[in-house]
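Here are the chains, one letter per residue:
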Amino acid sequence: MQDYINVILPIPLEKLFTYAVSQAEADFLRPGMRVAVPFGKSKIYTGLVATVHNTAPTVYEAKEIHQILDEVPLVNEFQLRHWQWIAEYYMCTIGEVFRSALPGAFLLESETIIVKNEAAEVDETNLKDDEFLIFEALQHQSVLKVQEVSTIVDRKNVLPILNRLIAKNVILLKEELHEQYKPKLVRYVQLGETYRSEESLEALLQSLSRAPKQSQVVLSLFQLQATTKKPIKVKDLERESGGSKAVIKSLIEKGILREYFIQTDRVTYEGGEENDSLKRLNEYQKEALTTITDHFKADKVVLLHGVTSSGKTEVYVQLIEACINNSQQALYLLPEIALTTQLITRLQDYFGEKVAVYHSKYSVQERVEVWNNVRFEKKKAQVVIGARSSLFLPFSNLGLIIVDEEHEGSFKQFDPAPRYHARDAAVVLGNLHGAKVLLGSATPSVETFFNAQTGKYGYAKIDRRFGNVLMPEVELVDLKEQTRKRKMKGHFSERLMEEIEEALAAEEQVILFQNRRGYAPIVECTTCGHSPQCPNCDVSLTYHQYKKQLRCHYCGHHIALPQSCEACGSPTLDTKGFGTEQVAEELANLFPDARISRMDLDTTRGKHAYEKIITAFEQQEMDILVGTQMLTKGLDFRNVSLVGIMNADSLLNFPDYRAHERSYQLLTQVAGRAGRTKKRGKVIIQSYNPYHQILKQVSTNDYLEMFDEQLYERQQYKYPPANRIIKITFKHKEYNRLNEAAEWFARGLRNVFAANVLGPEYPPVARIRNQYLKHVLLKIPANQSLPKTKIRIRRIEKSFNAIAQYRSVRVLYNVDHI
Ligand code: ADP
Ligand code: ZN
Ligand code: ZN
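Presented here is an overview of the structure given in this document. (Residues numbered from 1 in each chain as written. Chains lettered and ligands numbered in written order. Predicted model: local features only at pLDDT ≥ 70, side-chain atom pairs only at ≥ 80, totals over all residues. Heavy atoms only, no water.)

**Structural notes on the overall build of the chain**
Here comes step 1: The secondary structure content of the chain amounts to 26 helices and 35 strands.
Here comes step 2: Compactness check: the chain gives a C-alpha radius of gyration of 31 Å against a globular reference of 28 Å for 818 residues, within 12% of the reference.
Here comes step 3: Taking the principal axes of its C-alpha atoms as reference, the chain extends roughly 90 × 75 × 70 Å.
Here comes step 4: Looking at the chain as a whole, 54% of its 818 residues qualify as buried. (Helix = DSSP H or I, 4+ residues; strand = E, 2+ residues; numbered from the N terminus. Rg over C-alpha atoms; globule rule 2.2 N^0.38 Å. Buried < 20%, exposed > 50% of the residue type's maximum accessible area, 1.4 Å probe, protein only.)

See below:
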């Protein structure tokens, strides 16, 4: 009987593809192993085995696979089931989930070539037979394809051999080298074999008596060996002996020292195994913990609603401790930008090297290491702290998931598919594992609080700050009145300046928040009114003073700031609106002695830039930090007594049903950075509309009132949590075709869903990177089946795609769009 496998390919195909395998291969293959398979005319993809079976495909002839890439599954059954759920729920293909779940280095593609590692000296006796064959082939041929290697050694499964050759420094993988996983090797030394007895060593030192530097190195090596009993790194020997690289090299050349390499993880925890003991919880934390564990016993997801600085993290730590004492894995999910060294260090102080970190600023190599440590249930990845993509790690024994800052919109992936919400996908993952799930926030999302209110989720709260520090005092400043009374200097009201002055005088720190980067979002000619636009997007170019540039924040297009108006030629260019750069500039003029820094996308590029700013601020190397919403996330500064919101109106007026909820969350979170210890903090919110109900609710810390009002509105206008929504986006480079196509699709939807279809409408920025965009919003009442709704949408899409001129219009689904 012929054997087959169904394979998940990393591309958006509706169905899995079937390939033919031999019986031996079928016996060997398990779901979750990778195979290289041909697809289309000439492409080879890394696919993932979903099932092994005996049913031939009916409409095509199954091709054979090229290679087997794994010896044991890379992906487990929990993951496959989770991915399946994500694909169905978020209306994408499992191939798209696969593609985004795996670190790129696992997706070996056909262009990979193998070359000799010219830098290394190869000891042929050290090679196994199959390794030698490849080594030999590379003496005659400068490059080998994966396929050729397969022919040479006459087997399909060549990755283990290649890995061994890489580890032995014999070969390199090229082209995708930067994307490929290379084990990191650390160089070690020991005494050469002939010098290991006492007599020979004495003779050696004797012979080196006229080479004091060399004998010093040998002696140091001896001392190091005596004290550590561990392998000696070349780096340590250099430091200990004061010897140069050259001296060590010549000793190695003479055979007095022998060098060797050990594979090591790139990210290692160096703080030793000594753990801090856990903090004793105060009565409020204890009560919350008891409530949480009670709900856990009833298998409920729990919301921990604790005001900023109430000590939620310490509660998480207790739960993690219990989880790992139970020999299970724990996952701590955070929004990307809240993943700070501050928090990581805090966890490492408790759990030492059991903590592994996983997020996008880590290299592919580092991510592969975490993946494998989780896969093999290594102790060093028992506690994973990571951004949303850590949901895709190969957990097999998950006991606890914490979703911190659960209200954060960045948990929702926007582009590309899968457009999943990490919080909701975490709840599903927890379910699959029978793991406990805790959602934490000082400002829960309306959805989650609704789930707690209706009893679907358990609820625990802490409404005092730790140490009984008072919530910061919030003062609203009326910008209209201040302007009328001529009390403004630039964008600073008199009150804000007074408070800054006071804080600086007391040597306390200040945070200023403005939710726009750059100098000004619009440049405008005062003569003719023209303002420079992005040629690729329907949006004004933002002025960046530091680089004297106009930049598009959507596509990156930039030009030098023109001297005069491009339209009328007058040198009368002025700016409108303001961003962090301008705030910092005005500040420097108003407070020339203050040390000022800026934290926004422009100042935090590069792996460590963000950390550097936070650390410098923490160590009080600066007085005032101006920033965008990056400032709001989970930072714990000890000495900040004042937070200023430069302008709350742009948040409140954002054209979106969630703008008010978001403003409440953002403002409360920024305000929460003030006065986290001892003295009560102060928050100044500047606004043209200080009587706005959201500002009032922020100032009285009245989450419940905010929630009730928002829920009422959502119910009135049929938005979540009262209804579900699916946003359908149409994309095309031709304006007219897009209009027609979107209208056609919307008509189809209206035939089925009547008044629950909104649009098509252009978004505020209706063209990005030369593609026009149009949205349709579908509201799905609570009593309407979601799966059936999706089936109906797909049916409409099928007929849509049958119309030739619409086929090139991209249709994107965003389920639970936020
Ligand atoms: P949240 O996560 O709720 O904003 P944190 O967990 O960061 O609050 O706690 C705020 C501050 O209080 C931190 O500096 C933390 O170290 C301290 N803290 C919290 N709980 C305790 C405790 N039980 N004992 C000592 N310090 C605590
Ligand atoms: Zn002009
Ligand atoms: Zn642009």
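Here the narrative resumes.
**Quick notes on the coordination of the zinc ion (ligand 2)**
Here comes step 1: Distances from the zinc ion (ligand 2) to its protein donors, Cys525 (SG), Cys528 (SG), Cys565 (SG) and Cys568 (SG), fall within 2.3 to 2.4 Å.
Here comes step 2: For the zinc ion (ligand 2), the 4 donor atoms are set out with angles of 103 to 113 degrees between them, so the coordination reads as tetrahedral.
Here comes step 3: Positions of the donor residues of the zinc ion (ligand 2) along the chain correspond to the pattern C-x2-C-x36-C-x2-C.
Here comes step 4: Judged by relative accessible area, which is 1%, Cys525 ranks as buried. (Donors = N, O, S within 2.8 Å, 3.2 Å for Na, K, Ca; no water. Tetrahedral: all angles 85-135°; square planar, octahedral: opposite > 155°, others 65-115°.)

**Considering the environment of Ala741**
Here comes step 1: Relative to the elements of secondary structure, Ala741 occurs in helix α25 (residues 735-753).
Here comes step 2: Residue classification places Ala741 among the buried residues on the basis of a relative accessible area of 0%.
Here comes step 3: Distance in space between the C-alpha atoms of Ala741 and Asp636 is 50 Å, their sequence separation being 105 residues.
Here comes step 4: Sequence-distant contacts of Ala741, that is, excluding residues within four places in its chain, are made with Phe800, Tyr806 and Val809. (Contact = heavy atoms within 4.5 Å.)

**Considering the coordination of the zinc ion (ligand 3)**
Here comes step 1: Donor atoms from the polypeptide that bind the zinc ion (ligand 3) are Cys534 (SG), Cys537 (SG), Cys552 (SG) and Cys555 (SG), placed at 2.2 to 2.4 Å.
Here comes step 2: Between consecutive donor residues of the zinc ion (ligand 3), the sequence gaps follow C-x2-C-x14-C-x2-C. You can see Cys537 sitting in the loop between β22 (522-525) and β23 (542-544) and its partner Cys552 sitting in the loop between β24 (549-551) and β25 (558-560), a full 15 residues away along the chain.
Here comes step 3: The class of Cys552 is buried, set by a relative accessible area of 3%.

**Quick look at the packing of aromatic side chains**
Here comes step 1: Taken as a whole and judged by the stated rule, the model has 29 aromatic pairs.
Here comes step 2: In this structure an aromatic cluster arises from ring pairing among Phe17, Tyr19, Phe39, Tyr45 and Tyr60.
Here comes step 3: One residue, Lys779, lies across the ring of Tyr719, its end atom 4.2 Å from the ring centre.
Here comes step 4: Against the face of Tyr89 rests Lys790, its NZ or CZ located 4.3 Å from the ring centre. (Phe/Tyr/Trp six-rings, centres within 6.5 Å; stacked < 30°, edge-to-face > 60°. Lys NZ or Arg CZ within 6 Å of the ring centre and 35° of its normal.)

**Concerning the site of ligand 1**
Here comes step 1: Contacts to ligand 1 come from 17 residues, most closely from Arg280, Ser309, Thr313, Arg346 and Asp636.
Here comes step 2: Gln285 has a polar side-chain atom sitting 2.9 Å from a nitrogen atom of ligand 1.
Here comes step 3: Taken by itself ligand 1 offers 550 Å² of open surface, and the protein chains cover 84% of this.
Here comes step 4: Looking at the shell around ligand 1, the element that brings in the most residues is helix α12 (residues 312-325), giving 3 residues.
Here comes step 5: Taken together, the residues that form the shell around ligand 1 break down as 3 nonpolar, 6 polar and 8 charged. (Near = heavy atom within 4 Å. Polar contact = N/O pair within 3.5 Å; in protein donor to acceptor, adjacent residues only side chain to side chain. Areas by Shrake-Rupley, 256 points an atom, 1.4 Å probe, with all protein chains shown as cover. Nonpolar A, V, L, I, M, F, W, Y, C, P; charged D, E, K, R; others polar.)

**A closer look at the sheet that holds β23**
Here comes step 1: Reading across the sheet, the 3 strands line up as β23-β24-β25 and stay open at both edges, with antiparallel pairing between neighbours. Taken across any chain shown, the strands that pair with only one partner, and hence form the sheet edges, are β23 and β25. On average, adjacent strands in this sheet sit at an angle of 30 degrees to one another, irrespective of strand direction.
Here comes step 2: Sheet topology note: the β23/β24 ladder contains 3 bridges and is antiparallel. Within the sheet, the bridge partner assigned to His544 lies in β24 and is Gln549. (Pairing = 2+ DSSP bridges. Axes fitted to C-alpha atoms, helices over the stretch in contact; angles between N-to-C directions.)

**So, the sheet that holds strand β18 (residues 436-441)**
Here comes step 1: Across the sheet, 7 strands lie side by side as β15-β16-β14-β17-β18-β13-β19; this open sheet has parallel pairing. Unpaired on one side and paired on the other, β15 (355-358) and β19 (458-462) mark the two borders of the sheet. Going from strand to strand, the sheet's axes swing by 20 degrees on average, the running direction of each strand aside.
Here comes step 2: Relative to β18, strand β13 (residues 302-306) runs parallel, the two sharing 4 bridges. The residue bridging Val302 from the neighbouring strand is Leu438, located in β18.
Here comes step 3: Contacting β13, β14 (329-333), β16 (383-386), β17 (398-404), β18 and β19, α12 runs over the sheet at an angle of about 170 degrees to β17.

**Comments concerning the environment of Asp3**
Here comes step 1: In this fold, Asp3 is placed in strand β1 (residues 3-8).
Here comes step 2: As for Asp3 and Gln23, which are separated by 20 residues in sequence, their C-alpha atoms are 6.1 Å apart.
Here comes step 3: Contacts of Asp3, omitting those with residues within four sequence positions, involve Tyr19, Ala20, Val21, Ser22, Gln23, Ala26, His53 and Asn54.
Here comes step 4: At 3.0 Å, the side chain of Asp3 and the side chain of Asn54 are in polar contact.

**Re the environment of Asp574**
Here comes step 1: Of note, Asp574 is situated in strand β26 (residues 573-576).
Here comes step 2: Residue Asp574 is classed as partly exposed on the basis of its relative accessible area of 41%.
Here comes step 3: Filtering out sequence-adjacent residues up to four positions away, Asp574 remains in contact with Ile522, Val523, Glu524 and Thr526.

**A short note on the side chain of Asp478**
Here comes step 1: Looking at where Asp478 falls in the secondary structure, it is placed in strand β20 (residues 473-478).
Here comes step 2: One buried charged side chain, Asp478, makes no salt bridge at all; its nearest oppositely charged neighbour is Lys480, positioned 5.6 Å away.
Here comes step 3: In this structure the side chain of Asp478 is engaged in a polar contact, spanning 2.9 Å, whose partner is the backbone nitrogen of Lys480.
Here comes step 4: If sequence neighbours within four positions are ignored, Asp478 has contacts with Ser687, Tyr688 and Pro690. (Lys, Arg positive; Asp, Glu negative; His and termini not counted. Salt bridge = Lys/Arg side-chain N within 4 Å of Asp/Glu carboxyl O.)

**Some details on the pairing of β15**
Here comes step 1: By the alternation rule, side chains of β15 split into Val355 and Val357 and Ala356 and Tyr358, which are all buried.
Here comes step 2: As paired elements, β15 and β16 share 4 bridges and run parallel to each other. Residue Val355 lies in a different strand from β16, and its bridge partner there is Val383.
Here comes step 3: In this region the chain leaves β15, passes through helix α14 (residues 364-375) and returns to the parallel neighbour β16; the handedness of that crossover is right-handed. (Right-handed = clockwise from strand over helix to strand, strands pointing away.)

Everything listed here is a matter of coordinates, which is why it stays silent on function.
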